[in-house]
Amino acid sequence: MTEAILLVGGQGTRLRPLTINTPKPMLPVAGVPFTVHQITRARDAGVTRIILGTSYKAEVFKEFIDASDLGIEVVIATEPEALGTGGAIRFAAEHLTSGSDEPVLVFNGDVLSGLDIEGLVAHHQRTNSDVTIYLTPVEDPRAFGLVPTDQEGRVTAFLEKPTTPEEIVTNNINAGCYVFKRSVIDQIPAGRVVSVERETFPQLLAGGALVTGVVDPGYWLDLGTPLAFVQGSKDLVLGHAPSPAVPKTGDFLALEGARIDASANVHGGSVVGRHASIAGGAVVNGSVVFDNAVIHEGARISNSIIGDGAVIGAHAIIDGAVIGDGAVIGAHNELTDGARVWPGAQLGDTAIRFSSDR
Ligand code: GDD
Ligand code: MG
């Protein structure tokens, strides 16, 4: 039996306004809450019990898990206040049943990957590591944790979100999945905020622990920003990213009750949510249209997220934007390049042009 901890307590700040009502891992991606892709991948890799480390909007997870059967035992741990990544792992560990030498998987809750999970655990066991970290190479590592290793794969440093050029020592980053020896988790201080990246890993290295890195160059994406969120959804729908929870791969995915006019053009891995409607002549390319949204005739939507129940007016152009739940965008508006509209906001039919580089 393998146990895992899934960290899902972050506030998802970079995905606002979508995360005002819904925590990031519960946002729908390719037809199901994102967390379902991760839980079912772990299940298929032999994980039999998973602890969800929740904090922000914990009740949303609880309601969903109570109502679902994902074929794996899911336990919800809710921190009294956000304890940071390390504090959350320590807090969730109260629910583990594994023995002190047994391996425990830990996953960040916003990562989509093709990682060979069983292979990572096997490597951890074979090397008798204290911690094994999944690494992936990226072009620009600055937004992540940099993890240099020596020739034997031993981790030599852990540099979270480096700020100086001298710290950019590798392109291999912490890909957000670890195997811990249970006893190592038990050594994390309880009852206070701890960052596993800034405190636990540097301390383990300073104390001579065996921390091993495994580079896996397969599919990897952190869905923390709107553009990455849209990319992850597209990749799942198109079948480029692996998940047992995608209902059907293809050029687009229309969920139950979605209505798409015969003269609309929906493609590029788009998702049309439950009871959403796309009118004639509208184009939806590489976008995520949440449930109940209404897209009027001739609107053109690309690389964007349209919130639950939002309304997009006729001939509006939405490109690289995030439209909050229930927002109403009048006809002919142009919202591009990082524009974000808050839930319930209304923009009239006055052909506003708005873009932002954020
Ligand atoms: N329960 C709980 N409590 N979970 C938390 C907390 C907390 O206080 N803080 C963050 N988390 C969860 C988030 O929900 C997310 O799933 C995960 O921990 C990582 O937090 P992010 O906020 O997404 O961190 P990041 O993307 O900036 O950086 C992390 O991930 C990168 C890879 O995607 C770090 O682990 C980096 O080192 C890593 O490269
Ligand atoms: Mg992240």
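Residues numbered from 1 in each chain as written. Chains lettered and ligands numbered in written order. Predicted model: local features only at pLDDT ≥ 70, side-chain atom pairs only at ≥ 80, totals over all residues. Heavy atoms only, no water.

Caption draft 1: Looking closely at the coordination of the magnesium ion (ligand 2). Bound to the magnesium ion (ligand 2) on the protein side are D110 (OD) and D222 (OD), at distances that span 2.1 to 2.4 Å. One end of the pair, D110, is in the loop between β6 (103-108) and β7 (111-113); the other, D222, is in strand β13 (residues 220-222), with 112 residues separating them in the sequence. Assigned by exposure class, D110 and D222 land together as buried. (Donors = N, O, S within 2.8 Å, 3.2 Å for Na, K, Ca; no water. Helix = DSSP H or I, 4+ residues; strand = E, 2+ residues; numbered from the N terminus. Buried < 20%, exposed > 50% of the residue type's maximum accessible area, 1.4 Å probe, protein only.)

Caption draft 2: Broad picture of the domain arrangement of the protein chain. Its domain assignment divides the protein chain into domain 1 (3-226) and domain 2 (251-355). Each partner contributes residues to the interface: domain 1 has 12 residues there, and domain 2 has 15 residues. Both sides of the domain 1 and domain 2 interface together cover about 1,000 Å² of buried area, and 69% of this is carbon and sulfur. Looking at the side of domain 1 facing domain 2, the largest losses of area belong to P17, L18 and G31, adding up to 46% of the total buried there. Between the two partners, domain 1 and domain 2, sit 0 salt bridges. (Domains from an automatic or database assignment. Contact = heavy atoms within 4.5 Å. Buried area = accessible area lost by both parts, 1.4 Å probe. Salt bridge = Lys/Arg side-chain N within 4 Å of Asp/Glu carboxyl O.)

Caption draft 3: Quick look at the pairing of β6. Along β6, 6 of the 6 residues are buried, which leaves the element largely enclosed by surrounding structure. Alternating residues of β6 divide into P103, L105 and F107 and V104, V106 and N108, and every residue in both groups is buried. As paired strands, strand β1 (residues 2-7) and β6 are joined by 5 bridges and run parallel to one another. Across the sheet, I5 pairs through a bridge with V106, a residue of β6. Bridge analysis of β6 against strand β11 (residues 172-181) gives 5 bridges, and the strand direction is antiparallel. Each residue of the ladder has a partner; that of L105, found in β11, is V179. (Pairing = 2+ DSSP bridges.)

Caption draft 4: Region of interest: the side chain of E197. Relative to the helices and strands, E197 is located in helix α6 (residues 196-206). Although E197 lies buried, it forms no salt bridge, and the closest oppositely charged side chain, R198, sits 6.4 Å away as judged by the N-O distance. At 2.7 Å, the side chain of E197 forms a polar contact with the side chain of T85. At a separation of 3.2 Å, a polar atom in the side chain of E197 contacts the side chain of S195. In this view, E197 contacts T85, F158, E160, N174, Y178 and P202; residues no more than four positions away in its chain are not counted. (Lys, Arg positive; Asp, Glu negative; His and termini not counted. Polar contact = N/O pair within 3.5 Å; in protein donor to acceptor, adjacent residues only side chain to side chain.)

Caption draft 5: Layout of the pairing of strand β8 (residues 131-137). Across the 7 residues of β8, 6 count as buried, placing the element largely inside the fold. Here 6 bridges tie β8 to β11, and the two strands are oriented antiparallel to one another. Along β11, the bridge assignment pairs V131 with F180. Pairing geometry for β8 and strand β12 (residues 211-215), over 5 bridges, is parallel. Bridged to Y134 within β12 is V214.

Caption draft 6: Expanded view of the pattern of salt bridges. Enumeration according to the criterion identifies 12 salt bridges in this entry. D130 serves as the salt-bridge partner of K181, at 3.9 Å between the closest nitrogen and oxygen. With K181 in strand β11 and D130 in the loop between α4 (117-127) and β8, the pair connects residues that are 51 residues apart, well separated along the chain. As far as burial versus exposure is concerned, K181 and D130 are alike and both buried. The shortest N-O distance in the salt bridge between K161 and E160 comes to 3.0 Å. In this structure K161 comes out as partly exposed when scored by relative accessible area, which is 40%. For E160, a relative accessible area of 14% corresponds to the buried category. Because the salt bridges share partners, they merge into one network encompassing E3, R49 and E73.

Caption draft 7: Quick look at the site of ligand 1. Taken together, 26 residues lie near ligand 1, and E79, E160, N174, E197 and D222 sit nearest. Interatomic distance of 2.7 Å between a backbone N/O atom of G109 and an oxygen atom of ligand 1. For ligand 1, an oxygen atom lies 2.6 Å from a polar atom in the side chain of D222. Here ligand 1 has 750 Å² of accessible area as a free molecule, and 89% of this is covered by the chains. Of all the secondary structure elements, the ones that give two or more residues to the shell around ligand 1 are α3 (84-92), β11 and β13. Of the residues contributing to the shell around ligand 1, the split by class is 9 nonpolar, 9 polar and 8 charged. (Near = heavy atom within 4 Å. Areas by Shrake-Rupley, 256 points an atom, 1.4 Å probe, with all protein chains shown as cover. Nonpolar A, V, L, I, M, F, W, Y, C, P; charged D, E, K, R; others polar.)

Caption draft 8: Broad picture of the UniProt feature "domain: Mannose-1-phosphate guanyltransferase C-terminal" (unreviewed entry) in the protein chain. In the UniProt entry, the feature "domain: Mannose-1-phosphate guanyltransferase C-terminal" (unreviewed entry) is given for residues 252-331. As annotated, residues 252-331 has a helix share of 0% and a strand share of 42%, and its two end C-alpha atoms lie 25 Å apart. (UniProt positions renumbered as here; feature names shortened; annotations may be inferred.)

Caption draft 9: Fine view of helix α2 (residues 58-66). Along α2, the positions that sit buried rather than exposed are A58, F61 and I65. Along the long axis of α2, the arc covered by the buried residues comes to 60 degrees, so they all point the same way. Seen from the open side of α2, the exposed residues pointing more than 90 degrees away from its buried face are E63 and D66. On the buried face of α2, the contacting elements are α1 (34-44), β4 (47-54) and β5 (73-78). (Arc of directions from axis to C-beta.)

Caption draft 10: Representation of the sheet that holds strand β30 (residues 346-347) in the model. The parallel open sheet is built from 6 strands, whose spatial order is β15-β18-β21-β24-β27-β30. The sheet is open, and its two borders are formed by β15 (259-260) and β30, each paired with just one other strand. With 2 bridges connecting them, β15 and strand β18 (residues 277-278) associate as parallel partners. By the bridge assignment for β18, R259 is matched with S277.

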